[in-house]
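Each chain, written out:
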Amino acid sequence: MHSKILILDFGSQVTQLIARRVRDAGVFSEVYPYDVSDEFIRNYGAAGIILSGGPNSVTEDETPRAPQAVFELGVPVLGICYGMQTMAAQLGGQVENGTVREFGYAEVRARGHTNLLKDIADFTTAEGHGMLKVWMSHGDKVNSMPVGFKLMASTDNCPIAGMADEERRFYAVQFHPEVTHTVQGAALLGRFVHEICGCKSDWNMPDYISEAVAAIRAQVGSDDVILGLSGGVDSSVAAALIHRAIGNQLTCVFVDHGLLRLDEGKMVMEMFAENLGVKVIRIDAAQQFMGHLAGVSDPEQKRKIIGREFVEVFQVESAKIKNAKWLAQGTIYPDVIESAGKGKKGHTIKSHHNVGGLPETLHLKLLEPLRELFKDEVRKLGVALGLPEAMVYRHPFPGPGLGVRILGEVKQDFADLLRRADAIFIEELRNTPVEGTDQNWYQATSQAFAVFLPVKSVGVMGDGRTYEYVVALRAVQTLDFMTAQWAHLPHELLGKVSNRIINEVRGINRVVYDISGKPPATIEWE
C-alpha cells in the first residue's frame, strides 16, 4: 500500500497543483471536497492532510470549515492560505479582514526554527534573516495564533505569514507553495510529506503498471472490453495499459471521421494493430461526417454533429462485439476533480463524459484505468508501456479534430489543404532547435497548429494572379492551458513555414501568424 496524502479542497483554482507537487515528490495524493464527513477522514488512512486555499472569507458566517476529525486524527496537517485561516479560527485563533491585500510576488522572512522551514531559504538579508520568494493571494490574515502555535514566517503586511504547533505537527503558511512562483515551494512540500509525514517516495509510473494491470484483471475478469480509440494520448495509453492486462479481451474501435491530422489513421493502425498487437476495428466514416456537416458553419453545431455521429458509428460497431461487458474510457484525474465540484457550497466547473456522451442504451459498465492520473503521469505511463515518445508527447488535439480548425463550413477539400499545411508547420517546428537549449520548437511550445480561413486573397505566383485561401498559424506556451502566451517563434522559422506552405499546398497563397494571448483569445479558434 502507498502512503497517502489527503488534500481537502476549499475552492482554490490551484488545488490540483498541490496534488501534482506532492506526486512529483513521489507520494500519492488525492483531492476531495472540504465537506467530506468525519468518518471519511478517519477511514481514509492519510499519512498527512493538506488544507487548500479558497475564495471565501473565514470571518463571514457559514463559510467552509475543515471536518473536526482533521485535527483529532493525530496526523500532520498543513494549511495553505484559506487553509491556514480556517485552521487558526477552528483551533482558537483569530482572523481579520486585512486592510492591505497581498496578491502576487512577496518576500517572506522564514523563521527557520521549525522542522518545516529549517534551512529552506532563497537568500539571506544583511541582518542574517532567511528570506523566501513566494506568491501571495489573500485579503484576510491571522492576527492571533491559537494556543500552542509559534510564529514561523512573516511579511511587513502580514506579521503572521506562517505558524506551527510542532507538538501536534500542525503547520500553516499564508503563501502558496504549490505554484512555481514560490521558488522553494517544492522543497517545502517535500519536507512536509517526507520528513514530517514520514511518506516514502513510492509513487512512480513504471512501478504503477503492475498495480494497474492487477486491478484491471480483478475488475474485468473474463469479460470483453471495448474502447473508442481516438489516437489522442489518453485513449492510446488506456488502450496500451488494458491490452497489457487482458490482451485479446480488448477491442478498440477507431472511428476515422475524415478530420484527423495527416496520415494519423495509418499511424494509429501501425502503432496498435501492427506493433502492439491490439485488436483494432477501423471505421472509415468520413463521408458520413462530411454529409452531416455540409452547410453548417456554427462552431457549437459542428461540435454537436461530430459528437452525435461519433456515438452513432460507435454504437453500431460495438453492437457487433457480442461479449463486451465494459466500455473503457481515457478519463484522467483532472476530469474527475472538476466533475466532483468544490463541496456543497461550491460549484462544478464542468462535467465530463469522454466518448461524446455515450448513451445508456449501450448497457456497458465503465472502465477508467487512468482516472487516478494527471496528464504528465499519463505520458510517463505511456512511455513505460512502450509507446513512442513522439506520440505520447504530442500536442493536444481537439475531439472534433480539424472540424473546429476549419472556420465556417467544413468541406473535404478544405480539410485536405489544412492537413498538409499543418503537417508542414509541425515538421518545421520539430526540425528547428531552440537556440541555447536542447529542445526543438515543437517541444518548446505547448500547442501548435494551422487554422483554415474561409476567405480568399489576391496573390502573384510567377507572372500570374492567384485568388486563393489563407491559413493562420497558432503556437502557444502555457503551463496549465488556463492562460497562454503566443510563442515568439524566430522570423526565419515562420518565413520558411510560410514559403513551404505556399509553394507546396496548391490552393493557399497567404500565411498569417496569430499573436493573441489567452485571455482574451482562446487557444483554439472555435
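Residues numbered from 1 in each chain as written. Predicted model: local features only at pLDDT ≥ 70, side-chain atom pairs only at ≥ 80, totals over all residues. Heavy atoms only, no water.

- As recorded in an unreviewed UniProt entry, the protein chain goes by the name GMP synthase [glutamine-hydrolyzing], listed as coming from Solimicrobium silvestre.
- Listed under Subunit (unreviewed entry) in UniProt, the entry text for the protein chain is "Homodimer." (UniProt positions renumbered as here; feature names shortened; annotations may be inferred.)

**A word on the pattern of salt bridges**
And step 1. Applying the stated criterion to the full structure yields 22 salt bridges.
And step 2. The salt bridge partner of R308 is E309, with a shortest N-O separation of 2.9 Å.
And step 3. We classify E309 as buried; its relative accessible area is 5%.
And step 4. E317 is the salt-bridge partner of K320, the closest N and O atoms lying 3.1 Å from each other.
And step 5. Residue class for K320 comes out exposed when judged on its relative accessible area of 54%.
And step 6. Classification of E317 by relative accessible area gives buried; the value is 11%.
And step 7. Here the salt bridges share partners, and the residues they tie into one network are E427, E428, K496, R500 and E504. (Salt bridge = Lys/Arg side-chain N within 4 Å of Asp/Glu carboxyl O. Buried < 20%, exposed > 50% of the residue type's maximum accessible area, 1.4 Å probe, protein only.)

**As for the environment of P146**
And step 1. Counting through the fold element by element, P146 comes out in the loop between β7 (130-144) and β8 (150-154).
And step 2. By relative accessible area, which is 2% here, P146 ends up buried.
And step 3. A sequence separation of 54 residues divides P146 from G92, and the C-alpha atoms of the two residues are 4.9 Å apart.
And step 4. Apart from the residues lying within four places of it in its own chain, the contact partners of P146 are A88, L91, G92, G93 and M163. (Helix = DSSP H or I, 4+ residues; strand = E, 2+ residues; numbered from the N terminus. Contact = heavy atoms within 4.5 Å.)

**Describing the UniProt feature "active site" (unreviewed entry) in the protein chain**
And step 1. With numbering aligned to this structure, UniProt lists the feature "active site" (unreviewed entry) at C81, H176 and E178. For the residues just named, distributed over 98 residues, the greatest C-alpha separation is only 11.1 Å, placing them together at one site.
And step 2. Mapped onto the elements, C81 comes out in the loop between β4 (77-80) and α3 (82-90).
And step 3. With sequence-adjacent residues up to four places away left out, C81 is seen in contact with G53, S137, H138, V173, Q174, F175 and H176.
And step 4. Given a relative accessible area of 4%, H176 falls into the buried group.
And step 5. In this structure, H176 is in contact with V14, G53, I80, C81, W135, S137 and T182, ignoring residues within four places of it in sequence.

**Some details on the UniProt feature "binding site: ATP" (unreviewed entry) in the protein chain**
And step 1. Sequence positions flagged by UniProt for "binding site: ATP" (unreviewed entry) are, in local numbering, S230, G231, G232, V233, D234, S235 and S236.
And step 2. Positionally, G231 belongs in the loop between β11 (224-229) and α6 (233-246).
And step 3. In this structure G231 comes out as buried when scored by relative accessible area, which is 1%.
And step 4. The residues contacting G231, other than those within four sequence positions of it, are S236, E264, V268, M391 and R394.

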